[in-house]
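One-letter residues, chain by chain:
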Amino acid sequence: MAAKKLPPPPVSPRALRTLPVFDGVSSKVMEKLEAVAAPHIVERDSMLFEPGQAPTGDTYVNFVIAGQVGVGEHTEEAHKSIGKKAKAELFKKVGQTWAVFAAGDYWSDEFARVAGQLCMYGITETQVLRIKQADLDAILAKHPTVKDRMKKHAERWMHRIRYMKENGGRDEVFDFYVKNGFSFSTRTKIRQLELCIDCDKCVVGCEERHGFARLERFGPQVGLINFSVSCRQCYDPRCLIDCNFDAIARDPVSHEIRVDISSCTGCSVCARSCPNDSIFVYGISDDMDHSLWESQGKKVPKKVATKCDRCAGYDDMACITACPTGSMIDATPEIIFGIDTSKTVDNFSDTRPFEQGYGAQATPRVLPKILYGVSAFLLALCTAEWVFRRWFGETFLLPVFSEEVIGSRVGEGFTAGQGLGYWLGILGASCMVSTLIYVIRNRFEKESAFIGSKYFWFSFHNALGVLGPALVFLHGNLSFATWSAIGVHASLFVVASGFLGQYLANQLPGREYANSKDRSELDRAINQLSQGWGEHTRTVDLNAMNEAAKKAKDAEAVANMGAIRFLLFIVLDDIKQLLRLFHLRFVKLPRSSKSKAQKKQLYRLQRDRMKLDRRDRFYKTAGRLVSQWRLFHIFFSIGLFLLMTVHVAWVISF
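Residues numbered from 1 in each chain as written. Predicted model: local features only at pLDDT ≥ 70, side-chain atom pairs only at ≥ 80, totals over all residues. Heavy atoms only, no water.

Notes on the sheet that holds strand β9 (residues 188-192)
Right, so step 1: The four strands lie next to each other as β10-β11-β9-β16, forming an open sheet whose pairing is antiparallel. This sheet does not close on itself; its edge strands, each paired only once, are β10 (221-222) and β16 (328-331).
Right, so step 2: With four bridges joining them, β9 and β16 adopt antiparallel strand pairing. Residue pairing for β16: Ile-190 is matched across the bridge by Ile-329. (Pairing = 2+ DSSP bridges. Helix = DSSP H or I, 4+ residues; strand = E, 2+ residues; numbered from the N terminus.)

Some remarks on the environment of Phe-101
Right, so step 1: Residue position: Phe-101 is located in strand β5 (residues 97-101).
Right, so step 2: Counting along the chain gives 32 residues from Phe-101 to Val-69, while the straight-line C-alpha distance between them is 5.1 Å.
Right, so step 3: What Phe-101 contacts, discounting residues up to four positions off in sequence, is Val-64, Gly-67, Gln-68, Val-69, Val-71, Tyr-106, Trp-107, Met-120 and Trp-157. (Contact = heavy atoms within 4.5 Å.)

Here's the deal with the packing of helix α14 (residues 366-391) against helix α17 (residues 454-475)
Right, so step 1: One can describe the packing of α14 onto α17 by two numbers: an axis separation of 9 Å at closest approach and a directional angle of 10 degrees. Between α14 and α17, the crossing angle belongs to the class labelled roughly parallel. In this structure, α14 contributes Leu-367, Pro-368, Leu-371, Tyr-372, Ser-375, Leu-378, Leu-379, Cys-382, Thr-383 and Trp-386 to the contact, and α17 contributes Tyr-455, Phe-456, Ser-459, Phe-460, Asn-462, Ala-463, Leu-467, Ala-470, Leu-471 and Leu-474.
Right, so step 2: Classifying every residue of the contact of α14 with α17 by side-chain character gives 16 nonpolar, four polar and no charged. (Axes fitted to C-alpha atoms, helices over the stretch in contact; angles between N-to-C directions. Parallel < 35°, antiparallel > 145°, perpendicular 65-115°, else oblique. Nonpolar A, V, L, I, M, F, W, Y, C, P; charged D, E, K, R; others polar.)

Focus: the pairing of strand β7 (residues 118-122)
Right, so step 1: The buried fraction of β7 is high, at five of five residues.
Right, so step 2: Residues Leu-118, Met-120 and Gly-122 point to one face of β7 and Cys-119 and Tyr-121 to the other, with burial holding for every one of them.
Right, so step 3: Across two bridges, the pairing between strand β2 (residues 47-49) and β7 is antiparallel. Note that in β7 the partner of Met-47 across the bridge is Tyr-121.
Right, so step 4: Of the pairings in the sheet, the one linking strand β4 (residues 69-73) to β7 comprises five bridges and is antiparallel in character. When the bridges of β7 are listed, Gly-72 appears paired with Cys-119. (Buried < 20%, exposed > 50% of the residue type's maximum accessible area, 1.4 Å probe, protein only.)

A closer look at the packing of aromatic side chains
Right, so step 1: Enumeration according to the criterion identifies 20 aromatic pairs in this entry.
Right, so step 2: Between the aromatic rings of Phe-101 and Trp-107, the centroid separation amounts to 5.6 Å while the plane-to-plane angle is 45 degrees, which identifies the pairing as tilted.
Right, so step 3: Measuring from ring centre to ring centre gives 4.8 Å for Phe-212 and Tyr-282, while their planes differ by 15 degrees; the resulting arrangement is stacked. Placement of the pair is Phe-212 in the loop between α7 (201-210) and β10 and Tyr-282 in strand β14 (residues 280-283), with a sequence separation of 70 residues. (Phe/Tyr/Trp six-rings, centres within 6.5 Å; stacked < 30°, edge-to-face > 60°.)

A closer look at the sheet that holds β4
Right, so step 1: Pairing is antiparallel in the open sheet, where four strands are placed in the order β2-β7-β4-β5. Strands at the two margins of the open sheet, each flanked by one partner only, are β2 and β5. Between one strand axis and the next, the sheet turns by 25 degrees as a mean value, whatever way the strands run.

Here we look at the nonpolar core
Nonpolar side chains in soluble globular proteins tend to end up buried together.
Right, so step 1: Formed by 30 residues in total, the largest nonpolar core has its most connected members in Tyr-121, Phe-174, Phe-227, Ile-336, Phe-337 and Phe-354.
Right, so step 2: The dominant element in this core, judged by the number of residues it contributes, is helix α6 (residues 170-179), at five residues.
Right, so step 3: Contacts of Phe-227, omitting those with residues within four sequence positions, involve Phe-176, Phe-182, Thr-188, Lys-189, Ile-190, Gly-219, Pro-220, Ile-336, Phe-337 and Phe-354. (Core = buried A, V, L, I, M, F, W, Y, C linked by side-chain atoms within 4.5 Å.)

Re the side chain of Lys-189
Right, so step 1: Assignment of secondary structure puts Lys-189 in strand β9.
Right, so step 2: No salt bridge is formed by the buried Lys-189; its nearest oppositely charged neighbour, Asp-330, is found at 4.2 Å. (Lys, Arg positive; Asp, Glu negative; His and termini not counted. Salt bridge = Lys/Arg side-chain N within 4 Å of Asp/Glu carboxyl O.)

Concerning helix α5 (residues 144-166)
Right, so step 1: In this model α5 runs 32 Å from its N-terminal to its C-terminal C-alpha over 23 residues, within 8% of the 33 Å that 1.5 Å per residue would give.
Right, so step 2: Among all positions in α5, only Val-146, Met-150, Trp-157, Arg-160, Ile-161, Tyr-163 and Met-164 are buried.
Right, so step 3: Those residues of α5 that are buried are in contact with β3 (60-66), β5, β6 (106-108), α3 (111-114), α4 (133-139) and α6. (Expected span 1.5 Å × (residues − 1).)

As for the confidence of the model for the chain
Right, so step 1: The predicted model of the chain averages 77 in pLDDT, with 71% of residues at 70 or higher.
Right, so step 2: For residues 1-5, every residue scores under 50 in pLDDT, and the model assigns this stretch 10 contacts once sequence neighbours within four places are set aside.
Right, so step 3: Within the model, the stretch residues 534-543 combines pLDDT values under 50 with nine contacts to residues more than four positions away or in other chains. (pLDDT = per-residue confidence, 0-100.)

Description of unusual backbone geometry
Glycine aside, negative phi is the norm for most residues, and most peptide bonds take the trans geometry.
Right, so step 1: Phi angles above zero are rare outside glycine, and Asp-45 is one such case at about 65 degrees.
Right, so step 2: Checked against the element boundaries, Asp-45 lands in the loop between β1 (38-42) and β2.
Right, so step 3: Unusually for a residue other than glycine, Arg-310 sits at a positive phi of about 60 degrees.
Right, so step 4: Checked against the element boundaries, Arg-310 lands in the loop between β15 (303-306) and α10 (318-322).
Right, so step 5: Under the relative-accessibility criterion, Arg-310 is labelled partly exposed at 22%.

In structure tokens:
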């Protein structure tokens, strides 16, 4: 326990040889560098410099051996957190994060002189080797190749920052990556929202295996990727430091951070220290199994802490196995966020996985494509057969019940009560009944495990859920004049509610993210345009700031609106937007500038901005529908099966 409180041993100067920048440098030169290199520790949540704090004395070049140092916009909140002992998490409190120096990177103290409003801070405990700039220059004077390599490294770093600024959304992705602690995480569990059906089976599977749920579904989210709240196996774990009972430690074999529940007292110190809030504390009730503590002669605690250790000791991870659609995966944060300095800059912090979904890259999803393809082929074949038999007289594709076609008149087709129409009805009803297999597989998980994966039956459910009602429509020759037609039309609502609900749930987050990214780019363009204007344009900016504040208040009020009132609000807000646009073009802009080109450009940008605002409101409206779609789907499905049962019973009886 005492060893946890000790600082790490100082890094050896020989570690310079491991840095890529010194590849190929002779041992003689490296020995000279090692002789003047001094080890240094940058503590986590420490501030290296703030705006206006230029270094005094000797200037050093700092080579990072292990750990991370961040560069971001300075804020008052970050300044106030300096020196706090309890969960300062300075990396979360700076403004926009622009860079992270990790192993192999280096910076000069001269950076503080030109950093402007930026600050530099320790994200994790960082081991650094420092060399005086003068000593480094003297040693490398006869080695221009190394100096050129260092210069190119710095140029790539600056180019990457400029590229992120100029390509909308990448800077936000990178900032999210650092602010949420992914930069020092080794693993993360993500839900691919284009696949997730909100069944909560991942959490249930985890709880059934371990007794307590070790993850939560709803964590930080960017577009179509949701990062579940679960242990990320940080390489600089803050949770290990403060435990006074040695109940949490890194496993020497699997290297997973694990909690020994039998030694845990439920003091919650580790949970409070975790920057990701991924350690959960549960109460121990009297009706729970106490044998773990009683067998060791220990007192049963009132609470215990638990966390994800990626199901150490098992052959699989319960949450991933329980997911019926393959939505939940265990991944490396750098891959998800595209944080790889060895790749070209256009791949850095790529926004496409968050807009289009990561699933297409991580999960090929061949199975549903095959099932949907077979289903579509059968539907097309049956539809073509119906068209030929009804509209082309004595013509058919399928060599079954040909007697129905011979001698038939154009426009008759086949009847629902006999021949091909009868069997299409049976086939369609069988397809719809078969969709219940997924319901059984989902509800009775253990008892039905022998029939195959939930992912297969979910894909099967979707494919037959469309094919079945379509065949029933053909079964009735698209002529429905009896009471049984109610069930046929109910199938439309079943298919529509299932398809629309799943489509909205799977597509909305990515579209909302892309829309917000486009708005950020437009705002940046508007700000750049207004910077060259005079005092009148600054008045326009002030009005924009007041409007933004008003929108923030409106958003809070909208969150508590009922559905009808919300739709009315959307309509009225659209009218207000048009009036604002009219006022901007014919009143505000003529007073603010004499330049017609500037007025035209600003009007166009503001018009596009309002279009994006309107699209955002549409997405929010659709988002409200998503929360209700499953209820409609279940309601109409139950009604459909009841009517189908009555119809079949009626046909058999009469």
